[in-house]
Structures are given as structure tokens and as C-alpha cells.
There are 2 protein chains.
Amino acid sequence: MAQTASMLAIGDELLSGRTKDKNIAHLADVMTMAGIDLKEVRIVGDEPEEIVAAVNALRARYDYVFTSGGIGPTHDDMTADAIAAAFEAPIGYHPQAYALMAKHYEARGMEFTEARKRMARTPEGASLIDNPVSVAPGFHIGNVYVLAGVPAVFQAMLEKIVAGLPQGPVVLSAAVECPFGEGDIGGPLGEIQKRHPDVVIGSYPKFDGARYSTELVVRSRDGEALSRARSEVEAMLADLAASRST
Amino acid sequence: MAQTASMLAIGDELLSGRTKDKNIAHLADVMTMAGIDLKEVRIVGDEPEEIVAAVNALRARYDYVFTSGGIGPTHDDMTADAIAAAFEAPIGYHPQAYALMAKHYEARGMEFTEARKRMARTPEGASLIDNPVSVAPGFHIGNVYVLAGVPAVFQAMLEKIVAGLPQGPVVLSAAVECPFGEGDIGGPLGEIQKRHPDVVIGSYPKFDGARYSTELVVRSRDGEALSRARSEVEAMLADLAASRST
């Protein structure tokens, strides 16, 4: 069985429309390339009880949970405390994070304010996730990875994490362009899917403002199974094209 | 209390990274303008049990649930059946949807295939959501609104729905640009938030590749409360700027 992942994106700004999330789609791409199945995503606001409930639901079901957002220095950054609450762990300054940030700010002649010190707090038992962009680290406890919401930082942290995860066999996919609408192919396509339970056939309608066409995508971790199903899809489309032109 | 909304985006393609969702951010904007608080979003794949569980969790907690995707004519479109299962309702052709689609395809000389007929299926007790773009309707049962995933259709359906919902008082917001990083303002900003429990102050870091600045957003349904808190934020920033220039 492939490993499974889930994501919890945290922040009022994602739900108010102020910020358009970029991290979900990025995680989806990275997981697919790593051969890990992203199974569920949730978005909740800056409310500790909501974060706790979502993290506990996701970490119980999936191999990995990745969170984004809420680990900055301001009052609306509640993620570290919520993760500690979810794990029923005490929270405090992580000595390594504290030392690294103290040194960073000192070198720049910047004050290591109480607000900045908040970013060194982690649940007891957490290990740090390196932040090559702006120093303040993420952290990792159990199967939960807590990342920043700023996309450049989220991406850099994720790259570090994924390099250390066991990679699964990648899902292979073949896209077949289909000039017909889904309504023309839905019947025979469903039959092909039934004959090939070892592949997943996705059908994605495209609408150009006047008419529909379809992109068909055949996916499998088994290359030969993929080829067989793809050939049947192509033959079905060729038959349909021939019947239309007579 | 403001009305609350949630969203369930459905589709393997959103989780594989193949499709970048556009409907979540659109719904967020529309809800904010309508004065309805979007509280939670979930994304799940084309798996009936996952859809059922998510819909039942969301409809029990929030005033409205909006779903996107999975109502087309192909085998991977499972939303209508899953919604029926969630409501423990039988599913069948909705006479009005069936008639309207039969007429549409007849007028265009297109076959009303079994696949297309699938799009006329709704749970018993559902009412239709008009699709001004491509005919096949969405539907509405209980507090759940089932919309297409194609963004042009999702948007058109949502516009119809929102026009019929009671609009709440809109959340007012004021953005204050802050040239300092969150670490410089986190302390005093938290104090301002504590003194103004009737507003929500959001702090959003921006990273230009070299240094951080911050956008501060004060939100409230009470315009006077908003003004008072905003003035304090601006005074705090002016004090900080003065102390930096001495």
C-alpha cells in the first residue's frame, strides 16, 4: 500500500478570501512526485479548538499530516500551541531553535523580542524543520509536520522534509485528449474502468465558453496495466470518431 | 450571530496536483461579500465514503455546505449518489432536470445518452440549481448545495444561490501597511488585540526574498470598533517609526 498524506492549511485569511492559498497545490505536486497519496486537505481559521480537532482527525487516519501557517510571532499565530494541545504535550522554548534565532538576530543587530521568541516555542518532543529562507524553524512531532504559511518558506521546508521520507513507487499517468464531451464517452469509458480495476481513469471536462471537450487521464503504479487501459481508451475514441464521420 | 458556511471540494485531480482549484478562493470572496462566515473547507477524492463522511460532518456544524465537482456524466462522478447516501434518501431522475436536458440535447441534435442522463439524477427531495452555462443543473437538499467543479459553471451556480440567501452584515476591514517585520510589532499588536475583543486583527507577513514586512488587517462588523482599533494600530506604528529614527 502506498503511504498516505493529508494537509491542514491554517489561517482566517484563507477563508476570508484575502489570501489565495498556494501551498495546497504545491504539496499535491510534491506528494505525487514522491509517490505518496495525498488523500485529504482541510482549511480552518485561527481557532485553537478547530486546529486541534482537525490535526487529531488527520493524524489518526493518514501516515503524514502537513500543516501550513500560524507559526509566526504575532497573537494570531496559534498553531504551535494547538499542536501541543493536540498531542497533550507541554510547550516551551526549543533550546536549539532559541539559540539559532538569538544568534541570527544578534548578528543583524536586531532585537530578539518576546514576539520573535514565540517562534522558538515547540511542543516537548518535537524536532526542528530547517528554514533556509528566514531562520525561524518549523517542527515535527509524531507524524505531524508544522510548516510556515509564506509560500517560499513552506516550499523550502517541504523540500527538506521530503528528502528524508521513504519515497513510494510513483503513480504513472497518461493523458489522452478527447474532442468529445463527457456525455458522449461516459458509457463506454465506464465499461473500460470496470474491466481495468488496477487503473484509475479520470475524466476532466473542459469548457471553452461554447462547447465541452474532455481530458482523460489513466493512472496506475503498474506501467503495463496503464498501457492496456490506455489502448482501450484510444480505441474507443477512434471508434467514436469513425462513427461520427460516416 | 453571523451565518456560517463550509465547502467540500471533490475530486482526485485536486489532490494529485493535476488541477489547481479555483473554486475555494472564489467562494471565500463571495461569502465575505455576502456577510456569511466561511469557517471550514475540505478537499476529498472521488471516494463515496469520504464524501458522505465529510458532508455529514459539515452539514451538522454549519448553516451552509457548498460542494464542487463530481456531478458530471462519467463513472468518476460520485457526488450525487454520495449526497443521497449522506441524507439516506433514494436517488432517481429529477423530472424537471430530465425534461430540460432532453429538450436541450434534442434541440442540438445530440443523443441524450445514458451518461448524460446521469446528470439528471438527484436525491429525493432535492431542488435544482440553475446552470445558465451548460444546462445540466446542480441541486440543493437540506443545507447542502451541490455545484459543478468547472469554474465557470461553479461561479454561475453560486451567483444564483447567493442571490436567494439572507445576506448578513458585511465584515468591514481596514488594511494597514507596516514596514516592520512581525517580530518588531508582535508584542504591542497583541496588546491592542486584547484591548479590542470586538475586532479581529490579522497580521500577514510578506517576504520579498530579502526581508519581511507585514500587512495588518483589522476586521469587524462594527465600524466604530474598527476605527478605534485601527487608530491604535497606526499610532503604534508611528511610535515605532519615531523610535527607530532617533
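Residues numbered from 1 in each chain as written. Chains lettered and ligands numbered in written order. Predicted model: local features only at pLDDT ≥ 70, side-chain atom pairs only at ≥ 80, totals over all residues. Heavy atoms only, no water.

**Q** Got a sec to walk through the overall build of chain A? Specific residues and values, please.
**A** Tallying secondary structure elements over chain A gives nine helices and eleven strands in all. A compact globule built from 246 residues should have a C-alpha radius of gyration of about 18 Å, whereas chain A, at 23 Å, is more than 25% larger. Projected onto its principal axes, the C-alpha positions of chain A cover 80 × 40 × 35 Å. When the 246 residues of chain A are sorted by exposure, 54% land in the buried category. When contacts within chain A are restricted to residue pairs at least 6 apart in sequence, long-range pairs at least 24 apart make up 67% of them. With an accessible surface of roughly 10600 Å², chain A has 54% of that area assigned to carbon and sulfur atoms. Taken as two groups, the 23 positive and 33 negative side-chain charges of chain A have centres that lie 2 Å from each other. (Helix = DSSP H or I, 4+ residues; strand = E, 2+ residues; numbered from the N terminus. Rg over C-alpha atoms; globule rule 2.2 N^0.38 Å. Buried < 20%, exposed > 50% of the residue type's maximum accessible area, 1.4 Å probe, protein only. Contact = heavy atoms within 4.5 Å. Areas by Shrake-Rupley, 256 points an atom, 1.4 Å probe, with all protein chains shown as cover. Lys, Arg positive; Asp, Glu negative; His and termini not counted. Charge placed at Lys NZ, Arg CZ, Asp CG, Glu CD.)

**Q** Before we move on, can you summarise the pairing of strand β8 (residues 144-147) of chain B with the specific residues and values?
**A** Residue and element names in this part refer to chain B. With burial as the criterion, each face of β8 is covered, one bearing V144 and V146 and the other bearing Y145 and L147. By the bridge criterion, four bridges tie strand β3 (residues 64-68) to β8 in an arrangement that is parallel. When the sheet's bridge partners are listed, V65 is paired in β8 with V144. Bridge analysis of strand β7 (residues 138-141) against β8 gives three bridges, and the strand direction is antiparallel. Each bridged residue has a counterpart across the sheet, and for F139 the counterpart in β8 is V146. Counting the residues in the hairpin turn of β7 and β8 gives two residues, including G142, whose phi is positive at 55°. (Pairing = 2+ DSSP bridges.)

**Q** Quick one: what's the story with the relation of the copies chain A and chain B, residue by residue and with numbers?
**A** Take chain A, turn it by 180°, move it 0.0 Å along the axis, and it overlays chain B with an RMSD of 0.0 Å. On this basis, the relationship between the two copies can be described by a two-fold rotation axis. Within chain A, the C-alpha atom positioned nearest to the axis of rotation is that of R42(A), 2.2 Å from it. Of the residues that chain A buries at the interface, 100% are likewise interface residues in chain B, meaning the two copies contact each other through the same surface. (Least-squares fit on C-alpha atoms with pLDDT ≥ 70 in both.)

**Q** Describe the domain arrangement of chain A, with residues and values.
**A** Splitting chain A by domain gives domain 1 (2-161) and domain 2 (170-243). Distance from the C-alpha centre of domain 1 of chain A to the C-alpha centre of domain 2 of chain A: 38 Å. (Domains from an automatic or database assignment.)

**Q** Describe the environment of G202(B), and please don't skip the residues or the numbers.
**A** Mapped onto the secondary structure, G202(B) falls in strand β10 (residues 200-207). Here the alpha-carbon distance between G202(B) and P137(B), two residues 65 residues apart in the chain, equals 38 Å.

**Q** Explain the interface of chain A and chain B to me, and be specific about the residues and the numbers.
**A** On the chain B side, the residues contacting the 57 residues of chain A number 57 residues. Both sides together, the interface formed by chain A and chain B hides about 4500 Å², and carbon and sulfur atoms give 52% of it. The largest per-residue losses of area from chain A upon contact with chain B belong to L15(A), R18(A) and H75(A), which jointly make up 14% of the total buried on that side. Summed over the shared surface of chain A and chain B, the result is ten salt bridges. One salt bridge connects E215(A) with R18(B), and the closest N-O pair in it is separated by 2.2 Å. There are 26 residue pairs in polar contact (both at pLDDT 80 or more) connecting chain A and chain B. Breaking the side of chain A that touches chain B down by element, the ones donating at least two residues are α1 (12-16), α2 (23-34), β2 (37-44), α3 (48-61), α6 (114-118), α8 (182-195), β10 (200-207) and β11 (212-220) of chain A. No other element matches α8(A), which puts eight residues into the side of chain A that touches chain B. When grouped by side-chain class, the residues that make up the side of chain A that touches chain B number 23 nonpolar, 16 polar and 18 charged. (Buried area = accessible area lost by both parts, 1.4 Å probe. Salt bridge = Lys/Arg side-chain N within 4 Å of Asp/Glu carboxyl O. Polar contact = N/O pair within 3.5 Å; in protein donor to acceptor, adjacent residues only side chain to side chain. Nonpolar A, V, L, I, M, F, W, Y, C, P; charged D, E, K, R; others polar.)

**Q** With reference to specific residues and values, describe the sheet that holds strand β3 (residues 64-68) of chain A.
**A** Two orientations exist for strands paired in a sheet by backbone hydrogen bonds: parallel and antiparallel. Spatial strand order, β6(A)-β7(A)-β8(A)-β3(A)-β1(A)-β2(A)-β2(B)-β1(B)-β3(B)-β8(B)-β7(B)-β6(B): twelve strands in an open sheet with mixed pairing. Each edge of the sheet is formed by a strand with only one pairing partner; in this case those strands are β6 (127-129) of chain A together with β6 (127-129) of chain B. Taking the axes of each pair of neighbouring strands and ignoring which way they run, one obtains an average angle of 20° across the sheet. Across five bridges, strand β1 (residues 4-10) of chain A lies against β3(A) in parallel orientation. Residue pairing across strands places L8(A) opposite T67(A), the latter belonging to β3(A). Along the sheet face, helix α7 (residues 151-163) of chain B touches β1 (4-10), β3, β6, β7 and β8 of chain B and points at about 150° away from the line of β8(B). (Axes fitted to C-alpha atoms, helices over the stretch in contact; angles between N-to-C directions.)

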